Amino acid sequence: MDSKNKSAAEIREKQTPPRPASDTRKKSHGVSSKFLTAREGHQHAQHASSKNDPLRVLSQKSKGSTKGADRFKRQGAQDRLNKLRDQLQQELIERNHSRASIDAITKPKTTVIDHAIATESSSLPESSAAPCMEDIDMVDIDALLTPNPLPAAPLPMECDTLTDPAPAEACSPKRNPDKQDQESHTQKSTKVATNYLENAASFENHMFLVLDSCVYMNEIVSIMDIFRNEVPINKPQPILVVPYKVLQELELVKAKKHDLSPTITKVTKFLHSMLKVRDKRIKGQRPIDTHLELFEMSSPDDSILNCALQVKQVVGNKVVLVSEDRNLLTKALVADVKAYSWKEFCDRYDFDT
């Protein structure tokens, strides 16, 4: 059975003629050509539809407008370059014109100099030979223009270059006019404004007593007793001098230490009562005399000593300074002013305390 089938297949193969290769190629070529044709038709349809697409139209217009803007920018840049070039050329022309005008102005000066040189050279004697070209650099034009040149000044010595120091007024800084007037009054005027001689004339035997602030606060009762009673003729009559600084200190202490207020009130009442009736046994320093500094002051005690020195300048050695401050007493002794504590003063002049 199998053998019969095989023989039948072989017979069919022999009877069926072989297919040529060209038919196979034609068949495959026909399939590919149909595929290519379909793809081209699809692309053609897509291109046709894209022409009617509004987005594509807008993109093409925007590309066209961009190209126009670029062209406009290039044109504007070119115009600016041309304008800048014209400005530079105009500036160059103006610069050349100004240089030419400067040359025209300076040219006559050179002509005048040359004319002067020529005139001077013509006035020289014929025997004098003209300078050769090698010596032209050595010709002194100033000497030619000046017929009789003055002799050269000698070089200054080192001592001649030294200048005198500027006056003190030119170097001193500007000062306040009010302060300057006050200082000039202090320096130039040594006259004491307070009239101490008026009180001295009232007593044949007298002394001027300058008391410190602490003495008023500690010994006001004893002070009042001395001036309440008459002083014997054999004793000098004390004339109480009240420095203006003492009045200021009493006011300051009264404001700060209230426990001393009653004592200071008693002192001020005593001084006020005597000054009010113009008692010849008391004299207050005028405020203007506080600016009359007879020495350089650095403390309130110096103001009291300065007052004592002013009194001494007017009345002589009849001045006594009384204080409980040992430093102030020492300063007074150095200044040749009699100085005692209150106890020493009462013992020395026999006043009861």
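Data block above holds the structure.
Residues numbered from 1 in each chain as written. Predicted model: local features only at pLDDT ≥ 70, side-chain atom pairs only at ≥ 80, totals over all residues. Heavy atoms only, no water.

## Quick look at the environment of C346
Thinking step 1. In this structure, C346 sits in helix α14 (residues 342–349).
Thinking step 2. Taking the C-alpha atoms as reference points, C346 and S222, 124 residues apart in sequence, are found 9.7 Å from one another. (Helix = DSSP H or I, 4+ residues; strand = E, 2+ residues; numbered from the N terminus.)

## Topic: the pairing of strand β4 (residues 319–322)
Side-chain positions along a regular strand alternate between the two faces of the sheet.
Thinking step 1. Neither face of β4 is exposed, since V319 and L321 on one face and V320 and V322 on the opposite face are all buried.
Thinking step 2. Of the pairings in the sheet, the one linking strand β1 (residues 206–211) to β4 comprises four bridges and is parallel in character. Opposite F208, over in β4, you have V319 as the bridge partner.
Thinking step 3. The pairing of β4 with strand β5 (residues 338–340) spans three bridges and is classified as parallel. Within the sheet, the bridge partner assigned to V322 lies in β5 and is Y340.
Thinking step 4. Between the parallel elements β4 and β5, the chain passes through helix α13 (residues 326–334) in a crossover that is right-handed. (Buried < 20%, exposed > 50% of the residue type's maximum accessible area, 1.4 Å probe, protein only. Pairing = 2+ DSSP bridges. Right-handed = clockwise from strand over helix to strand, strands pointing away.)

## Let's talk about the layout of surface pockets
Thinking step 1. By volume, the second largest pocket is sized at about 210 Å³.
Thinking step 2. When residues of the lining of the second largest pocket are traced back to their parent elements, those giving at least two are α7 (197–200) and β3 (282–284).
Thinking step 3. With three residues, β3 is the largest single contributor of residues to the lining of the second largest pocket.
Thinking step 4. Grouping the constituent residues of the lining of the second largest pocket by class yields two nonpolar, two polar and five charged. (1 Å grid on protein atoms, 1.4 Å probe; cavity = no way out; pocket = protein on both sides within 12 Å on 5 of 7 lines; lining within 4 Å. Points joined across faces, edges and corners; volume = space filled by probe spheres on them. Nonpolar A, V, L, I, M, F, W, Y, C, P; charged D, E, K, R; others polar.)

## Regarding the sheet that holds β5
Thinking step 1. If you walk across this open sheet you meet the five strands as β3-β2-β1-β4-β5, and the pairing is parallel. The open sheet is flanked by β3 and β5, the only strands paired with a single partner. Between one strand axis and the next, the sheet turns by 30° as a mean value, whatever way the strands run.
Thinking step 2. Judged from the five bridges that link them, β1 and strand β2 (residues 237–242) form a sheet pairing that is parallel. (Axes fitted to C-alpha atoms, helices over the stretch in contact; angles between N-to-C directions.)

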